[in-house]
There are 2 protein chains.
Amino acid sequence: MGPTRVVDILRDQPVGRPVTISGWLRTRRDSGGLSFLEVNDGSCLASLQVIADTTLANYDGEIRKLATGAALRIQGQLVASPASGQAVEVQASAITVLGPADPATYPLQKKRHSFEFLRSITHLRSRTNALGAVARVRSALSFAVHRFFHEQGFLQVHTPVITTSDCEGAGEMFTVTALEPAALQGPDPFGADFFGRRAGLTVSGQLQAEIFALSHGRVYTFGPTFRAENSNTSRHLAEFWMVEPEMAFCDLAGDMQVAEGFIRFLVETALEECSEDLELFDRFVSKGLIDRLVQVRDRPFVRLTYTEAVAELERSGRDFAFPVRWGLDLQAEHERFLAEEAARA
Amino acid sequence: MGPTRVVDILRDQPVGRPVTISGWLRTRRDSGGLSFLEVNDGSCLASLQVIADTTLANYDGEIRKLATGAALRIQGQLVASPASGQAVEVQASAITVLGPADPATYPLQKKRHSFEFLRSITHLRSRTNALGAVARVRSALSFAVHRFFHEQGFLQVHTPVITTSDCEGAGEMFTVTALEPAALQGPDPFGADFFGRRAGLTVSGQLQAEIFALSHGRVYTFGPTFRAENSNTSRHLAEFWMVEPEMAFCDLAGDMQVAEGFIRFLVETALEECSEDLELFDRFVSKGLIDRLVQVRDRPFVRLTYTEAVAELERSGRDFAFPVRWGLDLQAEHERFLAEEAARA
């Protein structure tokens, strides 16, 4: 059913067999009566090279005019590629132009675009290498979250997004209403509203997950949560997906064991299933990323008590902005020192 | 780490081996110096029988006073059960009462409770057979959704819940605001709001999923969606989780193939992994449920064109509330006749 995915072709490399692929043109290069088309279908970072020649009926009329972004269906045969940098390519027997792209108006071209520019074309940016890779990694990790908990005997519970509980005051809530602003008046503005009282968007599924932990033992939630704080830090967005496990009959050691196993499993999955995408990030977005991930996967996690942590911080001789003394809360700068410097030493 | 789950014990039945389980007491029965405790941990519908006797230090002081709902940790040995209806039971060597339950105030007892009554104790109702089973089936099917699409090469995309798009007018939207009602005034009530304009809860992730289908080929969303219509039908709730696949380079036949495979896979998963829970529903909630599911799993899906459907409806001689004529839309009653009667004939 449907076209073969490029990721499957590159993995299996069925040379000599007919293939049909569909995707979007990344580049076209003409040379000696041939056109070399780089076609990407989003199934992986790599594109597949397609060779078109003058035996194609629409070669002069369409193929030689193709520009970046065109949607194509290609039938042909997979052959060993004489060019370096790729093992196989497609010798096209028919190319159908499903949708052309006008280079005068299509905003993506063969060059690096800034993330700021890509923000202005959200409908197209997932066709770029970097944001296409983000989508693949996010999907692989999302599935890995479910796999990990499923294999460990956790039940997924879907906790409500609209709620009247602020969950121990985890953050500022958005209000949800079915009324027009003009109707939200008087001493009881939400009295005539959908739920008959003020309701908002959840800041956490924790309370509902705890209920299910007390009937099913081990449960987790994985859904969107919300904060109405206008924060522009790396801490959280107004809307983000959060994983929350809850376990009955568990102690702190068991909790740490699950948490460590979870992190390791996600990192391992990313390294195994998304290596091509991670290499892109390592090269262009965050140098050393893969080394850091390998360390997380392979090195034992340090576990230390609060008392040991305070002693470690005091021993460091560092000049922290917040004071360090047994009895005081640890601040982000303290946790960062412990995780990024002390534990690695 | 932690207790062994009852579902694993009943599957593996490691007779003669020491086991530790934790769960909630369903019933206690005393007979001839022994107490028979039915302990359920939510990992499956079945409870595990635990035998307590006077050799336990806390037998007279605690065990003989235990009531439904108590949280227990039991250490003991798994032995073959002489009683009918169960293959194994636990001979307890130690029972720790983690939390007692007072029969005078604990609302669940060994009898059938109405769903209406259970609505009034949402914090406890997942401990009942029926709603505990719902939680297990829902979790199994949720994971099956991800497995199906993952195996078929679909990427999961997380589409925004807060949006300014009403997605082709799929339904009435809830409004989301970070302002107090008194601030939502004047000619531009949402001008000073979090997003600087009116925003609401998504009615569908379709538009965003289409964007990713046009860069990655096959994608799906699985997240909460919302309708602000005060509808008390079986059509939809104010908040519900929806699965939306989007495929580029696909036609109607390919679409039907995926849809049919998807339904079959979910039904098959439920029948295989949740048979005990489905038997409960079949007996007490929806007679004939398992037969209906087996038919969906095993029988070919009928495919017919609009023209064939209209002809079938006209041939039926039925007296429908809405007229049937080529060119008119099919109504719910027509679809129901085709699916529930014509296709089964």
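Residues numbered from 1 in each chain as written. Chains lettered and ligands numbered in written order. Predicted model: local features only at pLDDT ≥ 70, side-chain atom pairs only at ≥ 80, totals over all residues. Heavy atoms only, no water.

1. Notes on helix α3 (residues 129-151) of chain B
Then, number 1: Here α3 of chain B contains 23 residues, and its C-alpha end-to-end distance of 33 Å stays within 8% of the 33 Å for a straight helix at 1.5 Å per residue.
Then, number 2: Looking one or two residues past α3 of chain B, Gly153 of chain B carries a phi angle of roughly 80°, positive in sign. (Helix = DSSP H or I, 4+ residues; strand = E, 2+ residues; numbered from the N terminus. Expected span 1.5 Å × (residues − 1).)

2. Side note on the side chain of Ser204 of chain B
Residues and elements named next belong to chain B.
Then, number 1: Position of Ser204 relative to the elements: it lies in the loop between β9 (199-201) and α4 (206-216).
Then, number 2: Among the polar contacts made by the side chain of Ser204, one reaches the main-chain amide nitrogen of Gln206 at a distance of 2.9 Å.
Then, number 3: If we skip the residues at most four places from it in the chain, Ser204 touches Cys167, Thr225, Met242 and Glu244. (Polar contact = N/O pair within 3.5 Å; in protein donor to acceptor, adjacent residues only side chain to side chain. Contact = heavy atoms within 4.5 Å.)

3. Remarks on a nonpolar patch on the surface
Residues and elements named next belong to chain A.
Then, number 1: A contiguous nonpolar patch, built from Phe115, Phe284 and Val285 and spanning about 300 Å² of accessible area, is present on the exposed surface.
Then, number 2: Relative to the elements of secondary structure, Val285 occurs in the loop between α6 (275-284) and α7 (289-298).
Then, number 3: Residue class for Val285 comes out partly exposed when judged on its relative accessible area of 49%. (Patch = residues over 30% accessible without salt bridge, like charges linked within 9 Å, V, L, I, M, F, W, Y side chains within 5 Å. Areas by Shrake-Rupley, 256 points an atom, 1.4 Å probe, with all protein chains shown as cover. Salt bridge = Lys/Arg side-chain N within 4 Å of Asp/Glu carboxyl O. Buried < 20%, exposed > 50% of the residue type's maximum accessible area, 1.4 Å probe, protein only.)

4. Section: the relation of the copies chain A and chain B
Then, number 1: Under the fitted operation, chain A is carried onto chain B by 0.0 Å of movement along the axis and a turn of 180°, and the coordinates agree to an RMSD of 0.1 Å. Expressed as a symmetry operation, the mapping of one chain copy onto the other fits a two-fold axis. Within chain A, the C-alpha atom positioned nearest to the axis of rotation is that of Val176 of chain A, 2.4 Å from it.
Then, number 2: Interface residue correspondence from chain A to chain B reaches 100%, placing this contact among same-surface, isologous pairings. (Least-squares fit on C-alpha atoms with pLDDT ≥ 70 in both.)

5. Here we look at the side chain of His113 of chain A
Then, number 1: Note on placement: His113 of chain A falls in the loop between β5 (88-99) and α2 (115-119).
Then, number 2: Classification of His113 of chain A as buried rests on a relative accessible area of 19%.

6. Quick notes on helix α8 (residues 306-316) of chain A
Counting along an α-helix, one turn takes 3.6 residues, and residues three or four places apart therefore face a common direction.
Residues and elements named next belong to chain A.
Then, number 1: Looking at α8, one finds that the buried residues are Ala309, Val310 and Leu313. Viewed end-on, α8 has its buried residues packed into an arc of 95°, placing them on one side of the element.
Then, number 2: On its buried side, α8 packs onto α9 (332-342).
Then, number 3: Phi turns positive, to about 70°, at Gly317, one or two residues after α8. (Arc of directions from axis to C-beta.)

7. Remarks on the pattern of salt bridges
Then, number 1: Applying the stated criterion to the full structure yields 26 salt bridges over all chains.
Then, number 2: One salt bridge connects Glu340 of chain A with Arg336 of chain A, and the closest N-O pair in it is separated by 4.0 Å. One end of the pair is Glu340 of chain A and the other is Arg336 of chain A, both in helix α9 and four residues apart, which spans about a single turn.
Then, number 3: The partly exposed category is assigned to Glu340 of chain A, whose relative accessible area is 46%.
Then, number 4: In this structure, Asp8 of chain B engages Arg11 of chain B in a salt bridge whose closest nitrogen and oxygen atoms are separated by 3.0 Å. Separated by three residues within a single helix, Asp8 of chain B and Arg11 of chain B lie in helix α1 (residues 6-12), roughly one turn from each other.
Then, number 5: One connected set of salt bridges, linked through shared partners, spans Arg5, Asp8, Arg11 and Asp12 of chain A.

Nothing here speaks to function; it is all geometry.
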